[in-house]
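# Summary of the model geometry
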Amino acid sequence: MDSLAEQVTQYMLVRNLISKNQTEWCHYMLVHRLMSILSFCILVPVGALLVGWLGSISFIASFRFLRARTGGYHAKTPSGCLLASLVVQSGFLLFLPTLNSPGIVLLLLLVAETSILFLAPANNCELHLSIAECKAIRPRILIRVGLTIVCSAVCTLFALPLAGCIALSVVAVALLLVLAQSGYGTQ
């Protein structure tokens, strides 16, 4: 993954599509995008084996939607990230059968969302967020948390298993924030 990103970055540099001072950013973005595509292509089918296609996509979509602004635990390598993602997704989706009432789903969701509001955003060495940048991200986190609550609440009325998948993804995001705030992962 890293060597492919390096080759594409050098190609773009030679073709003057990026400048010399943009190479590090370009390389990082390519690795990030390639890992995102690869993980999606692996996580969706694995999740589908556990809870079906729609449940798997609901878990991943809501997880990524929140995680994009909240941050959290980051593995040190792309392969470690993929392995951690597989473990987190599989581990949480195995709990779906226990979420058999709307009250349990909503309670779980509210506890996890409250945790996210207190802990997010997580900062790490690759982000280098300043205090001002962290404050600027907070409104976006609030919007995403609110949208996730509304989406899950609506799903409890029509499709409880989907609401459970969303709630479990929110719990996963909260857990990864706790790990990051406790000093685990890339700091």
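This is a predicted model, so every value here is computed, not measured. (Residues numbered from 1 in each chain as written. Predicted model: local features only at pLDDT ≥ 70, side-chain atom pairs only at ≥ 80, totals over all residues. Heavy atoms only, no water.)

It is at 9 Å that the axes of helix H5 (residues 102-119) and helix H7 (residues 160-181) come closest, and there the two elements cross at 30°. In terms of their interaxial angle, H5 and H7 are classed as roughly parallel. Pair H5 / H7 crosses with left-handed handedness. Seen from H5, the contacting residues are Pro 102, Val 105, Leu 108, Leu 109, Ala 112, Glu 113, Ser 115, Ile 116 and Leu 119; seen from H7, they are Leu 160, Ala 163, Gly 164, Ala 167, Leu 168, Val 170, Val 171, Val 173, Ala 174, Leu 177, Val 178 and Gln 181. The residue makeup of the contact of H5 with H7, split by class, is 17 nonpolar, 3 polar and 1 charged. (Axes fitted to C-alpha atoms, helices over the stretch in contact; angles between N-to-C directions. Helix = DSSP H or I, 4+ residues; strand = E, 2+ residues; numbered from the N terminus. Parallel < 35°, antiparallel > 145°, perpendicular 65-115°, else oblique. Left-handed = near helix turned anticlockwise from the far one by under 90°. Contact = heavy atoms within 4.5 Å. Nonpolar A, V, L, I, M, F, W, Y, C, P; charged D, E, K, R; others polar.)

Let's shift gears to the nonpolar core. Core analysis: the biggest nonpolar cluster contains 38 residues, and Phe 59, Phe 92 and Ile 116 have the highest contact counts within it. Broken down by element, the residue count for this core peaks at 15 residues, all from H7. Apart from residues lying up to four places away in sequence, Phe 92 is in contact with Phe 59, Leu 168, Val 171, Ala 172 and Leu 175. (Core = buried A, V, L, I, M, F, W, Y, C linked by side-chain atoms within 4.5 Å. Buried < 20%, exposed > 50% of the residue type's maximum accessible area, 1.4 Å probe, protein only.)

Okay, the environment of Thr 114 next. Along the chain, Thr 114 turns up in helix H5. Residues Thr 114 and Cys 151 lie 37 residues apart in sequence; the distance between their C-alpha atoms is 16 Å. Engagement of the side chain of Thr 114 in a polar contact is seen with the backbone oxygen of Leu 110, the distance being 2.7 Å. (Polar contact = N/O pair within 3.5 Å; in protein donor to acceptor, adjacent residues only side chain to side chain.)

Here we come to the packing of aromatic side chains. Tallied over the full model, the rule gives 1 aromatic pair. Both rings, one in Phe 59 and one in Phe 63, keep their centres 6.1 Å apart while their planes meet at 10°; by these two values the pair is stacked. Of this pair, Phe 59 and Phe 63 are both found in helix H3 (residues 53-70), 4 residues apart, which corresponds to roughly one turn of the helix. Like Phe 63, Phe 59 is buried. The side chain of Arg 144 reaches across the aromatic face of Phe 65, ending 4.5 Å from its centre. (Phe/Tyr/Trp six-rings, centres within 6.5 Å; stacked < 30°, edge-to-face > 60°. Lys NZ or Arg CZ within 6 Å of the ring centre and 35° of its normal.)

Taking 1.5 Å as the rise per residue, H5 with 18 residues should run 26 Å; its terminal C-alpha atoms sit 26 Å apart, in good agreement. Among the residues of H5, those classed as buried are Val 105, Leu 109, Ala 112, Glu 113 and Ile 116. Down the axis, H5 shows its buried residues gathered within 105° of arc, on one side only. H5 presents Leu 107 and Phe 118 as exposed residues on the side facing more than 90 degrees away from its buried surface. Against the buried residues of H5 lie H3, helix H6 (131-158) and H7. (Expected span 1.5 Å × (residues − 1). Arc of directions from axis to C-beta.)

Here we take up the side chain of Ser 58. Within the element layout of this structure, Ser 58 appears in helix H3. For Ser 58, a relative accessible area of 14% puts it in the buried group. Setting aside chain neighbours within four positions, we find Ser 58 in contact with Leu 162, Cys 165 and Ile 166.

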